[in-house]
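For reference, the chains in residue letters:
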Amino acid sequence: MKKKITLLSSIICIIILSNYCAQNNFPELRDEYFGQQAPGDSAQLFAPGIVSTGANEMNICFSPKGDEMYYFVTGPAFEPRVILSSKIVNGIWTEPIELLFYDQDRTDAYPFITPDAKKLFFNSSRPYEGMELTDGRRHHEIWFVETNNGRWGEPKKIDFGGEYKGYGTFPSVAANGNLYFNATFDRKTSDIYLSKYEDGKYSTPERLSNNVNSDNREFHPYIAPDESYILFDSFREEDSFGRQDIFISFRDDNGDWGKAINIGDKVNTANSELRPYVSFDGKYLFFISMRTIEKEFPDNPMTYEEVGELINSPGNGLQDIYWIDAKIINELRESILD
C-alpha cells in the first residue's frame, strides 16, 4: 500500500510541476528576484502565474546573494508537499525543479537558508531511529542540510536534548546560529521558541516572553539576522483585521522583546496573512496571503478552458506569495520610538 501511495504522490507531484513550469512555456527571467518589478508601498503578487499560481504556495526564501530561490508548494488539499528551487545560471533563472532530500514520502516543508548560506533548514516527518508516534501519526520536526562542494549534503535532525518533548515547525535562523521556531506540545497550543546555538550544539528551547507569545496561538516566526526584531503570525481577537495577521516585536537595548504589534493594513486584510520573510538585503517583506482577487467575467458563457483558468489562478482564495517594500518595518520601529 505504501508503494502505491508513494507512486500516486509522485504522479500528482509531476502534474503540479508540469502545471508550474511547462518546459516550452517557462519564460526567460533575468535580474534579481526572478526578474520581477519591485513592489512599492502596496503589496503585490510575486511572480503571478509563475511562482504564485492556483496552488498553495506556503513560503519562500532566497540565498544571501539573491541568486537562489526556494519555495514550498502543495496542492489544494495540502498534498503532495514539494520544495522547488531555482538559481541564476549565466544570468538567467533556471526552471524550478523539485528539491528532494532522500524523502520518497515527500514530507519536507518550509525551507530556510541561513545568513551564511552554509545550511538549509526545513521541516520533515520522515522516519528516524527512536521516532515517537501520536495516534499513529509522525510529527514534523526540524532538520537541516549543509553545503558540500556546492551541493546540499545528507539531512540531519536537530537534537534539542532529552528534556525537550515538543515538536517544532517553521525554522528561522539568526546570523549567530540561534534557531527560532513555533512549537506545540499538545496540538492545541503553539508558541514561539528559541534554541541558542552554543559550541556547535542547540540548547534546550526556551519559550519567548509574553510580549511575543499570548493566550492565542503564534506561528511561523521570521527572525532578523541580528535578532533586532521578530515577525510572526497569530490568531488574535484584539488588534486584528481578521483571521491570521502578521505581527512584529522589536528587541530593546537590554535584549528584551517589546510588546508585539500588528504590522498594519498594508499587509494584513480580513483574510489570512502569514509566514513572513525578509530578503537578506533588507529591501522586501514577503508573506503569504489567502486574499481573493476580484476578476472580470466575460459577457458570454465561459468555455471549459476559461473556467479552469479562472479557478486555477492566483487570487482564488488559496495561498499566494506577496511582497512589499520592507521600509514598513523601519517605519513601525520609528513610530514606537516616537
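Calculation rules
Residues numbered from 1 in each chain as written. Predicted model: local features only at pLDDT ≥ 70, side-chain atom pairs only at ≥ 80, totals over all residues. Heavy atoms only, no water. Buried < 20%, exposed > 50% of the residue type's maximum accessible area, 1.4 Å probe, protein only. Helix = DSSP H or I, 4+ residues; strand = E, 2+ residues; numbered from the N terminus. Pairing = 2+ DSSP bridges. pLDDT = per-residue confidence, 0-100. Contact = heavy atoms within 4.5 Å. Arc of directions from axis to C-beta. Lys, Arg positive; Asp, Glu negative; His and termini not counted. Salt bridge = Lys/Arg side-chain N within 4 Å of Asp/Glu carboxyl O. Polar contact = N/O pair within 3.5 Å; in protein donor to acceptor, adjacent residues only side chain to side chain. Phe/Tyr/Trp six-rings, centres within 6.5 Å; stacked < 30°, edge-to-face > 60°. Lys NZ or Arg CZ within 6 Å of the ring centre and 35° of its normal. Core = buried A, V, L, I, M, F, W, Y, C linked by side-chain atoms within 4.5 Å.

Some details on the pairing of strand E14 (residues 167–173)
Most of E14 sits inside the fold, with 6 of its 7 residues counted as buried. Pairing of E14 with strand E15 (residues 179–184) involves 5 bridges; the strand directions are antiparallel. Residue pairing across strands places Val 173 opposite Leu 179, the latter belonging to E15. Where E14 folds back on E15, the antiparallel hairpin that results is connected by 5 residues, among which Gly 177 adopts a positive phi of roughly 95°.

Points about the confidence of the model for the chain
Here the chain averages 88 in pLDDT, while 91% of its residues score no lower than 70. Confidence drops under pLDDT 50 across residues 20–24; counting only partners more than four residues distant or on other chains, this segment forms 12 contacts.

As for helix H3 (residues 327–337)
Since there are 3.6 residues in each turn of an α-helix, residues three or four apart along the chain are aligned in direction. Looking at H3, one finds that the buried residues are Ile 328, Ile 329 and Leu 332. Buried positions in H3, seen along its axis, are confined to an arc of 105° and lie on one side of it. Buried positions along H3 lie against strand E21 (229–235), strand E22 (244–250), strand E23 (261–262), strand E24 (273–278), strand E25 (284–289) and strand E26 (320–325).

Some points on the sheet that holds strand E1 (residues 44–45)
The strand order E1-E26-E25-E24 describes an open sheet built from 4 strands, whose pairing is antiparallel. This sheet does not close on itself; its edge strands, each paired only once, are E1 and E24. Pairing analysis gives 2 bridges linking E1 to E26, with the strands arranged antiparallel. Looking at the pairing, Gln 44 lines up with Trp 323 of E26.

What about unusual backbone geometry?
Phi is positive for Ala 47, close to 50°, though the residue is something other than glycine. Structurally, Ala 47 can be placed in the loop between E1 and strand E2 (56–62). Residue classification places Ala 47 among the buried residues on the basis of a relative accessible area of 0%.

Quick notes on the sheet that holds strand E19 (residues 206–207)
If you trace the 4 strands from one edge of the open sheet to the other, you get E14-E15-E16-E19, paired in antiparallel fashion. The sheet terminates laterally at E14 and E19, the two strands that pair on one side only. Bridge analysis of E15 against strand E16 (residues 191–195) gives 5 bridges, and the strand direction is antiparallel. When the bridges of E16 are listed, Leu 179 appears paired with Ser 195.

Here we look at the side chain of Asp 233
With respect to the element layout, Asp 233 can be found in strand E21. Despite its burial, Asp 233 pairs with no opposite charge, the nearest such side chain being Arg 275 at 6.0 Å. Of the polar contacts made by the side chain of Asp 233, one reaches the backbone nitrogen of Arg 275; its length is 2.9 Å. Setting aside anything within four residues of it in sequence, one finds Asp 233 in contact with Arg 217, Glu 218, Phe 219, His 220, Gln 244, Asp 245, Ile 246, Glu 273, Leu 274, Arg 275 and Pro 276.

What to know about the packing of aromatic side chains
Where two aromatic rings form a pair, the distance of their centres and the angle of their planes describe that pair. Within this structure, the stated rule accounts for 31 aromatic pairs. With centroids separated by 5.1 Å and ring planes inclined at 80°, the aromatic side chains of Phe 72 and Tyr 110 adopt a geometry described as edge-to-face. Remark: Tyr 110 occurs in strand E7 (residues 109–113) and Phe 72 occurs in strand E3 (residues 68–74); sequence separation between them is 38 residues. Each of the two residues, Phe 72 as well as Tyr 110, counts as buried. Taken together, Tyr 33, Phe 46, Phe 62, Phe 112, Tyr 222, Tyr 229, Phe 250, Tyr 277, Tyr 284, Phe 286 and Trp 323 form an aromatic cluster joined through their ring pairs. The positively charged end of Arg 236 is found above the aromatic ring belonging to Phe 247, 4.6 Å away from the centroid.

Considering the environment of Glu 306
Assignment of secondary structure puts Glu 306 in helix H2 (residues 304–311). Look at Glu 306 and you get partly exposed, because its relative accessible area is 36%. Among the polar contacts made by the side chain of Glu 306, one reaches the main-chain amide nitrogen of Thr 303 at a distance of 2.8 Å.

Description of the nonpolar core
Within soluble globular proteins, side chains that are nonpolar generally end up buried alongside one another. Phe 34, Phe 46, Leu 231, Leu 285 and Phe 286 are the most contacted members of the largest nonpolar core, which totals 73 residues. Judged by nonpolar contacts, the second largest core, of 12 residues, contains Ile 192, Val 212, Ile 223 and Phe 232.

Focus: the side chain of Asp 103
Along the chain, the position of Asp 103 falls in the loop between strand E6 (97–98) and E7. Buried Asp 103, no salt bridge; nearest opposite-charge side chain is Arg 126, N-O distance 4.3 Å. Looking at Asp 103, its side chain comes within polar contact range of the main-chain nitrogen of Thr 107, at 2.7 Å. Once you skip the residues sitting within four places of it in the chain, Asp 103 turns out to touch Asp 108, Ser 124 and Arg 126.

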